[in-house]
Amino acid sequence: MYIYNTTFNVATSVASDFLAWMKSECQPTAKRFSQHVRFLHVHTQQEDCETYTLQVECDDLESLSRYEKEAFIKLMESLRAKFGKEVLPFSTLLEDIYW
C-alpha cells in the first residue's frame, strides 16, 4: 500500500477558508480515487501557522500516478490561485512496511 501524504502549512489568517476549501474541493476529489482518505491536524508549536495533512491511500503505484496526474496537479494549481503563499504544501510518498 502507498500513501500520498501532502502536508500544508497554513497561515492562521486563512485557516478557516483553507478548511472550507479542503472540505468542498480537495477531499471530494481525492475520494474519487481512493476509499481511504484522511485529513489530519498536525500539532506543532509554530505560531501564526496551522499545519494539516491529507493522506490518500492507493493499493499500487499505477493508482497513485492516476490520482497525481488527473487530480492532484489541478488541485495544487487551484490552491495556489486561491491562497498564494499563505498555504505552502509539500508532498511525500509513503510505502507501508508490513511487519
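For every chain, the first residue of the written sequence is number 1, and numbering continues from 1 along that sequence. Totals for whole chains, interfaces and linings use every residue, but because this is a predicted model, local features are given only for residues with pLDDT of at least 70 and side-chain atom pairs only at 80 or more, for both listing and counting. Side-chain measures were taken over the full set of non-hydrogen atoms in the model, leaving aside hydrogen atoms and water.

Participant: Looking at this structure, how should I read the nonpolar core?
Facilitator: Across soluble globular proteins, nonpolar side chains show a tendency to be buried alongside one another. Ranked by size, the top nonpolar core spans 27 residues in total, and within it Phe8, Phe18 and Tyr67 carry the most contacts. Secondary structure counts use DSSP, requiring at least four H or I residues in a row for a helix and at least two E residues in a row for a strand, with both numbered from the N terminus. For this core, the elements supplying multiple residues, two or more each, are β1 (2-11), α1 (15-31), β3 (49-58) and α2 (61-83). Of all the elements, α2 adds the most residues to this core, at 8 residues. Whether two residues are in contact is decided by their heavy atoms, any of which lying within 4.5 Å being enough. What Tyr67 contacts, discounting residues up to four positions off in sequence, is Tyr4, Ala30, Phe33, Leu54, Val56 and Phe72. Throughout, nonpolar core names a set of buried Ala, Val, Leu, Ile, Met, Phe, Trp, Tyr and Cys residues whose side chains join them through atoms within 4.5 Å. Only protein chains enter the accessibility calculation, which uses a 1.4 Å probe; a residue is then buried when its area is under 20% of its type maximum, exposed when over 50%, and partly exposed in between.

Participant: In this structure, what is going on with the pattern of salt bridges? I would like to understand it.
Facilitator: By definition, a salt bridge exists where a carboxyl oxygen of Asp or Glu is found within 4 Å of a side-chain nitrogen of Lys or Arg. As enumerated under the stated definition, the model contains 2 salt bridges in all. Linking Glu70 and Arg66 is a salt bridge whose minimum nitrogen-to-oxygen distance equals 3.9 Å. Of this pair, Glu70 and Arg66 both sit in helix α2, 4 residues apart, which is roughly one turn of the helix.

Participant: What exactly am I supposed to notice about the pairing of β3 here?
Facilitator: Every regular strand shows the same layout, with side chains that alternate between the two sheet faces. For β3, the buried fraction is high: 9 of the 10 residues fall into the buried class. Sheet analysis places β1 next to β3, joined by 10 bridges and oriented antiparallel. Pairing of Thr6 across the sheet is with Leu54, part of β3. We call two strands paired when DSSP finds no fewer than two bridges between them. Here strand β2 (residues 37-42) hands over to β3 after 6 residues, with Asp48 in that stretch at a positive phi of 65°.

Participant: How should I be thinking about the packing of aromatic side chains in this particular structure?
Facilitator: To describe a pair of aromatic rings, one takes the distance between the centres and the angle between the planes. Each aromatic pair joins two rings of Phe, Tyr and Trp (for Trp, the six-membered one) with centres within 6.5 Å, and gets the label stacked for planes under 30 degrees apart, edge-to-face for over 60, and tilted for any other angle. Scanning the entire structure with this criterion turns up 11 aromatic pairs. Centroid distance Tyr4 to Phe72: 5.0 Å. Interplanar angle 75°. Geometry classified as edge-to-face. Linking Tyr4 in strand β1 with Phe72 in helix α2, this pair joins segments that are 68 residues apart in sequence. A centroid spacing of 5.8 Å and a plane angle of 35° characterise the contact between Phe18 and Tyr52, whose relative ring orientation is tilted. Of this pair, Phe18 sits in helix α1 while Tyr52 sits in strand β3, and the two are 34 residues apart along the sequence.

Participant: Hey, could you run me through unusual backbone geometry in this one?
Facilitator: Note: most residues except glycine have negative phi, and most peptide bonds are trans. Phi is positive for Asp48, close to 65°, though the residue is something other than glycine. Structurally, Asp48 can be placed in the loop between β2 and β3.

Participant: Help me understand the sheet that holds β1, please; the structure alone is not making it clear to me.
Facilitator: The pairing of strands in a sheet happens through backbone hydrogen bonds and is either parallel or antiparallel. Here 4 strands make up an open sheet; going across it, the order is β2-β3-β1-β4 and the pairing antiparallel. Both outer strands of the open sheet, β2 and β4 (87-95), are each paired with one neighbouring strand and no more. Pairwise comparison of adjacent strand axes, ignoring direction, gives a mean angle of 20° for this sheet. Strand direction decides the pairing type here: β2 and β3, joined by 6 bridges, are antiparallel. Residue pairing across strands places Arg38 opposite Gln55, the latter belonging to β3. To get an axis, fit a line to the C-alpha atoms, keeping to the stretch in contact for a helix; angles then go from 0 to 180 degrees between the N-to-C directions.

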